[in-house]
Every structure is written in structure tokens, then in C-alpha cells.
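Listed here are the chains, written in short residue letters.
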Amino acid sequence: MCNETGTSSSCPLFKSTWLIVFMVELTVTSIINGFTILTFARNRHLRKRTTYLIINLTVADFFVGTVSGPLHIYHIMTFKPGVGFSWRKFFVMCSENVFTACSLLNLASLSLERLHATLFPFRHCLMLDWFYFKAIVCNWVLAVIPSSAGAVFFLIAPQRSKYVWASLTIIVLFTVIVSYVIIARNVKRQVLPLTSQAVSSDRKLTATLLVVIVLSTVAFLPYFLDAFLEISTRLRGLSAEARFDIQQSLNVFFYANSFVNPLVYTLRMKEFRKATKVWCGSANTVGLSQMIEMNNMTG
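Predicted model, so just to flag it, every value in this text is computed and none were measured.

1. What about the overall build of the protein?
Assigned secondary structure in the protein consists of 11 helices and 0 strands. Starting at the N terminus and walking to the C terminus, you meet the elements of the protein as α-α-α-α-α-α-α-α-α-α-α. Taking all 299 residues of the protein together, the buried fraction comes to 45%. A sequence separation of at least 24 residues applies to 82% of the contacts in the protein between residues at least 6 apart. Element-wise, carbon and sulfur atoms account for 71% of the exposed surface of the protein, whose accessible area totals about 15,500 Å².

Set out below in C-alpha cells:
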């Protein structure tokens, strides 16, 4: 981020190269997640207890592309770090961070949900919808805490804002790693009955979410390492523009976390892939019929 090198005047490349890179990435993120949300909305059979947290993650990632990313660009080009607290700047910074924080917390929630499904399958089947709705509300409420703390530190003590995100990432990584280690050990001990299609489907969903979590972790890990080790601030031999380029490269990877998930759903979830094909096919059919009708009217 530009808070390591100063104001937007010391980041002239952001107005050209980095602006284009972020706009392309945020546009792709918004379109892919928006398409995924519409797919879930149009297909009722996809909206079930096992996908509620996935839908919530998709919604959070959609707002990362439509709200967080643009506000990130705005605050870099407008705000100076450490200039003091103001409610307007706090609201912008908090709005920028809350959706990315919720996206990270959703990864931990998905891991815990899969852990519960593995350890207590019968009890998990008896869980009602309200439990998932409470978990989703809890995710959004908890996301406000690091978002607010990060915004306050950015305005008062910019260096400490990194530690807020480093702490959140450590909590998420610890939860994910411990959950899937326990899941792996438990699955290894179990013998899967040949007739247990539900258990097999549940395990496939667990594996799919593991792929989502691994790819997301790869995306935000460079930013975490920089926040934890302060790599970019230690490179004193580099110019301010070079350090700024490193920071923005890390941010590009960080935001990439928000568009890899729908790609995994399409590749690994048969029901989602089938629903997508049906929707695209029906859209093409409607478009073709409209063209034929227009030709008949003009012919």
C-alpha cells in the first residue's frame, strides 16, 4: 500500500499501470461472483444448508470487487496515512476492509463446518437453517472488528494496521490447518460403505472446499508475509516507487483471492456446473429466438 511510501504524489504509476491492473482484476471479480450469485439465485436446488456459507463467501467476494477494490484505489490516491482520525476517512477505510475481512473469516467458517460434518455427521444432518444464518451474521459482525481497528491504526499509527491483518490471517490459517488435519486423520480411519452416496458426496464437498481454501491461502499469503515480516519496508535500497510497486503486487494477489472460488465451483461441483450450462443455454436460446423474431418482422 501507499501508506509505506507516503501520499499519492509519490505513487505516480498508480494513475496509469496499476489503475488498469486493478480495474481489470476488480471487473473480473465482480462479473464472476455476480454470475455465481445469480446461478445460486436461479436454481433453488443449489440453495441448501451445505452451500449457505459458500453463497455468503461469494457475496463477500462480490463486494470486494465492487466496493473494497474501488475504495482501495480511492484511499491510496486521496488519504495520507497517520494524519489523524476523522469519521469520513474512518468510514471509507472500514468499508474498504469489512468485505475482505468477511471473506477471510468465511474460509475459517467453512473449515469449521466441514470439521463438524466429519466428526459428527448425524448431528450435522439435524442442524437447522437458522444455525447457518446465525453463523453468517456472526461472520459479518466479527468482520467489523478488524476492519475498524485497521482503519483507526491506518489514520493514527499506519505501521500497526499491518499487524491487525497479520493477526486475522494467523487466526484463519490456524483454524483452517487444524480443522483439515483433524478431518484428514478422521477420514483415513473411517471405512466408507459402498452404498453411502451421501457420505461420498459430503467428502467430495469437503475436498472441493479444501481446494478453495488452499487457492485462497496462496493468494493472500504473500500479503500476510509482508505484513508479518515487513519485507517491503526493509528494502531500503529500493526507491519509493519500487517499494510501492511491491506493495501493489501483493495487493493484486490478495484481491485475486476473491475470484478463484467460483472457478473451483464450476470445475468440481457437478450440480453447479450443470446449472450454469442450463442457464447459459436458455439465455442463448432466448437470444436466438429474439433475433429470429426481429428478422421475421423486418423480412
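We are not done yet, so read on.
2. Overview of helix H3 (residues 87–119)
Under the 1.5 Å per step criterion, the end-to-end length of H3 is 46 Å for 33 residues, consistent within 8% with the ideal 48 Å. In the structure, H3 departs most strongly from a straight axis at Val98, where the bend amounts to approximately 25 degrees. In terms of burial, H3 is a largely internal element, 27 of the 33 residues being buried.

3. Section: helix H2 (residues 52–78)
Within an α-helix, residues lying three or four positions from one another point in the same direction, as the helix has 3.6 residues per turn. For H2, built from 27 residues, the straight-helix expectation of 39 Å at 1.5 Å per residue is met to within 8% by its first-to-last C-alpha distance of 37 Å. At Val64, H2 shows its largest kink, close to 45 degrees.

4. Considering the packing of helix H1 (residues 17–42) against H2
Axis angle and axis distance: for two packed helices, these are the angle between their axes and the distance between the axes, and together they describe the pair. Where H1 contacts H2, the two axes come as close as 9 Å, and the packing angle between them is 155 degrees. Classified by the angle their axes make, H1 and H2 are roughly antiparallel. For the element pair H1 and H2, the recorded crossing hand is left-handed. Here the residues of the contact of H1 with H2 are counted per class, giving 13 nonpolar, 10 polar and 1 charged.

5. Some details on the pattern of salt bridges
Tallying each qualifying case throughout the model produces 1 salt bridge. Glu113 is paired through a salt bridge with Arg114; the nearest N and O atoms lie 2.7 Å apart.

6. So, the packing of aromatic side chains
All chains considered together, the criterion is met by 11 aromatic pairs. Summarising the aromatic geometry, the rings of Trp87 and Phe90 are spaced 5.7 Å apart at their centres and angled 90 degrees between planes, so their arrangement reads as edge-to-face. Of this pair, Trp87 and Phe90 both sit in helix H3, separated by 3 residues, roughly a single helical turn. The class of Trp87 is exposed, set by a relative accessible area of 66%.

7. Looking at the environment of Ser103
Looking at the secondary structure, you find Ser103 in helix H3. Residues Ser103 and Ser258, spaced 155 residues apart in sequence, show a C-alpha to C-alpha distance of 7.7 Å. Residues contacting Ser103, with those up to four places away along its chain left out, are Leu57, Ala60, Asp61 and Asn257. One polar contact links Ser103 to Asp61, side chain to side chain, over a distance of 2.7 Å.

8. Things to note about the confidence of the model for the protein
For the protein, the mean per-residue pLDDT works out to 76, and 74% of the residues sit at or above 70. The spread of mean pLDDT over the elements of the protein runs between helix H11 (residues 270–298), the lowest at 51, and helix H5 (residues 129–156), the highest at 90. Taken together, the stretch residues 1–10 has pLDDT below 50 and engages in 32 contacts with residues farther than four places along the chain or on a different chain. The low-confidence segment residues 283–299 (pLDDT under 50) makes 0 contacts with residues lying over four places distant or belonging to another chain.

9. Considering the layout of surface pockets
Taken as a whole, the second largest pocket holds about 200 Å³ of empty space. Considering the residues around the second largest pocket, the lining is formed by 13 residues, among which Ser109, Leu112, Glu113, Phe131 and Ala135 are closest to the centre. Elements that contribute at least two residues to the lining of the second largest pocket include exactly H3 and H5. The leading source of residues in the lining of the second largest pocket is H5, at 6 residues. Grouping the amino acids of the lining of the second largest pocket by side-chain chemistry returns 8 nonpolar, 4 polar and 1 charged.

Thresholds, definitions, all that
- Residues numbered from 1 in each chain as written.
- Predicted model: local features only at pLDDT ≥ 70, side-chain atom pairs only at ≥ 80, totals over all residues.
- Heavy atoms only, no water.
- Helix = DSSP H or I, 4+ residues; strand = E, 2+ residues; numbered from the N terminus.
- Buried < 20%, exposed > 50% of the residue type's maximum accessible area, 1.4 Å probe, protein only.
- Contact = heavy atoms within 4.5 Å.
- Areas by Shrake-Rupley, 256 points an atom, 1.4 Å probe, with all protein chains shown as cover.
- Expected span 1.5 Å × (residues − 1).
- Bend = angle between axes of the 7 residues up to and from the residue.
- Axes fitted to C-alpha atoms, helices over the stretch in contact; angles between N-to-C directions.
- Parallel < 35°, antiparallel > 145°, perpendicular 65-115°, else oblique.
- Left-handed = near helix turned anticlockwise from the far one by under 90°.
- Nonpolar A, V, L, I, M, F, W, Y, C, P; charged D, E, K, R; others polar.
- Salt bridge = Lys/Arg side-chain N within 4 Å of Asp/Glu carboxyl O.
- Phe/Tyr/Trp six-rings, centres within 6.5 Å; stacked < 30°, edge-to-face > 60°.
- Polar contact = N/O pair within 3.5 Å; in protein donor to acceptor, adjacent residues only side chain to side chain.
- pLDDT = per-residue confidence, 0-100.
- 1 Å grid on protein atoms, 1.4 Å probe; cavity = no way out; pocket = protein on both sides within 12 Å on 5 of 7 lines; lining within 4 Å.
- Points joined across faces, edges and corners; volume = space filled by probe spheres on them.

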